Amino acid sequence: MTKTRPLAWHYRINRQRVSTGLLMIAGLLIAGCSGTPVNMLDARGPAAASIAELWWVMFILGAAVFLLVVGIVLAIVLKRRSQADTDTGLQRPDGRDTRWIMIGGIVMPLIVLAVVFGFTMRSMAGLSSDEGELTIEVIGRRWWWEVNYRDLGITTANQIHIPVGVPVDIVLQSGDVIHSFWVPQLHGKMDAIPGRVNRLQIQADEAGEYRGECGEFCGIQHTHMGFVVVAQSAEAFDSWVASEQQPAAQPDDLLAVRGQEVFASAGCVYCHTIRGVDFSSIDASAVDLGPDLTHFASRLTLGAGILPNNRGNLSGWIANPQHIKPGVLMPASALSGDDLQALLAYLETLH
Ligand code: CUA
């Protein structure tokens, strides 16, 4: 059923990567993995604004130097051409030539580099700020993002909710290889390195969804390691927190109840946690490889941003994730049609 959809996605994503390269060369846009391209210069937070300002300073200075050099070269060529008849060949440089070399080769670069240095220092000073009002632990994994709000007792994946206008500390770690956390409209990249804790502070000036992606090659599904930062009003954020803190809802219709049994018997429980459900008959304590699914149905996407979270896509994902995202740790399932329908019904109750 979903056989053609993933291919179409791959095609679309690849096409976007190509256009991303062109746009980066143009130096104007930096594209995300899917959806509409994300413009790094369309800053929506203080850190991104500071980086965008530095980008513009460097771009304007670079463009000015380029135009100046091209202008001088053109002027010299035209002047030499008009003198061509009287020119007798190479001449020794006179005092005026030496002065040009001193100004153009030493004084000008020093001024330009000093200005860039000054702006860079200013940007860096602006980025290293005080402690944020909220701390979120983000762990890069192949190929998704684990998101923990330790102080609030919330664990989720690939979707980071933050309140608008509040500085939020992101504490970055990696569960396997080096990844890089990047939300172009909110901040620059920061690596997630195994055995190390890195920090950055994001803040969104207005409510909205901000696409993020992995900015460091981390394996074959590196381009499919997207996430979204959802910036919300204080009230909306508080209500999201209250909802996420609840244990999973107990299913009440028969199909979903059977789906919960399938979740245990088919082995899903070995990799995925659903808080509040007693799977004590199964020893699932050893492995915790996949995303926490306690409030799975409230997430926007599947497979770290590659598919919208709906029944059709979820069905295809459970049946054969390797077809949609080859190399991912989740194996294909051999569920009967009835079991799959029951499992889907159960997962849809996890709001
Ligand atoms: Cu994770 Cu690239």
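What you see is a predicted model; the values in this text were computed from it and never measured.

1. A short note on the environment of Ile 139
Here Ile 139 lies in strand 1 (residues 134-141). The buried category is assigned to Ile 139, whose relative accessible area is 9%. Distance from Ile 139 to Asp 176, taken between C-alpha atoms, is 9.4 Å for residues 37 residues apart in sequence. Non-local contacts of Ile 139, meaning those with residues more than four positions away in its chain, are made with Trp 144, Trp 145, Glu 146, Asn 148, Gln 173, Ser 174 and Gly 175.

2. A short note on helix 4 (residues 234-245)
With 12 residues, helix 4 should cover 16 Å at 1.5 Å per step; its first-to-last C-alpha distance of 16 Å lies within 8% of that length. Within helix 4, the full set of buried residues consists of Phe 237, Trp 240, Val 241 and Glu 244. Taken around the axis of helix 4, the buried residues stretch over an arc of 100°, which confines them to a single face. Buried residues along helix 4 sit in contact with strand 1, strand 2 (144-149), strand 3 (154-157), strand 4 (159-163) and strand 10 (227-232).

3. Examining the sheet that holds strand 8 (residues 198-202)
Pairing between the strands of a sheet is mediated by backbone hydrogen bonds and can be parallel or antiparallel. With respect to topology, 5 strands assemble into an open sheet ordered 3-2-1-5-8, the strand pairing being mixed. What marks the edges here is a single partner per strand, and that holds for strand 3 and strand 8. Each strand axis lies, on average, 25° off the axis of its neighbour in the sheet, ignoring direction. Helix-sheet contacts for helix 4 involve strand 1, strand 2 and strand 3, and the interaxial angle to strand 3 is about 100°.

4. A word on the confidence of the model for the protein
The predicted model of the protein averages 85 in pLDDT, with 84% of residues at 70 or higher. Within the model, the stretch residues 1-11 combines pLDDT values under 50 with 17 contacts to residues more than four positions away or in other chains. This stretch, residues 20-34, has a pLDDT under 50; its non-local contacts, to residues over four places away or in other chains, come to 34 contacts.

5. As for the nonpolar core
Within the largest apolar cluster, 31 residues are counted, with the highest numbers of intra-cluster contacts made by Ile 136, Tyr 149, Ile 160, Ile 162, Ile 170, Phe 181 and Val 229. Of all the secondary-structure elements, those providing two or more residues to this core are strand 1, strand 2, strand 4, strand 5 (168-174), strand 8, strand 9 (208-214), strand 10 and helix 4. If sequence neighbours within four positions are ignored, Val 229 has contacts with Ile 160, Ile 162, Val 183, Leu 186, Ile 202, Gly 208, Glu 209 and Tyr 210. The next biggest cluster of nonpolar side chains, apart from the first, holds 24 residues, and it includes Phe 263, Phe 296, Leu 307 and Tyr 346.

Criteria and thresholds
Residues numbered from 1 in each chain as written. Predicted model: local features only at pLDDT ≥ 70, side-chain atom pairs only at ≥ 80, totals over all residues. Heavy atoms only, no water. Helix = DSSP H or I, 4+ residues; strand = E, 2+ residues; numbered from the N terminus. Buried < 20%, exposed > 50% of the residue type's maximum accessible area, 1.4 Å probe, protein only. Contact = heavy atoms within 4.5 Å. Expected span 1.5 Å × (residues − 1). Arc of directions from axis to C-beta. Pairing = 2+ DSSP bridges. Axes fitted to C-alpha atoms, helices over the stretch in contact; angles between N-to-C directions. pLDDT = per-residue confidence, 0-100. Core = buried A, V, L, I, M, F, W, Y, C linked by side-chain atoms within 4.5 Å.

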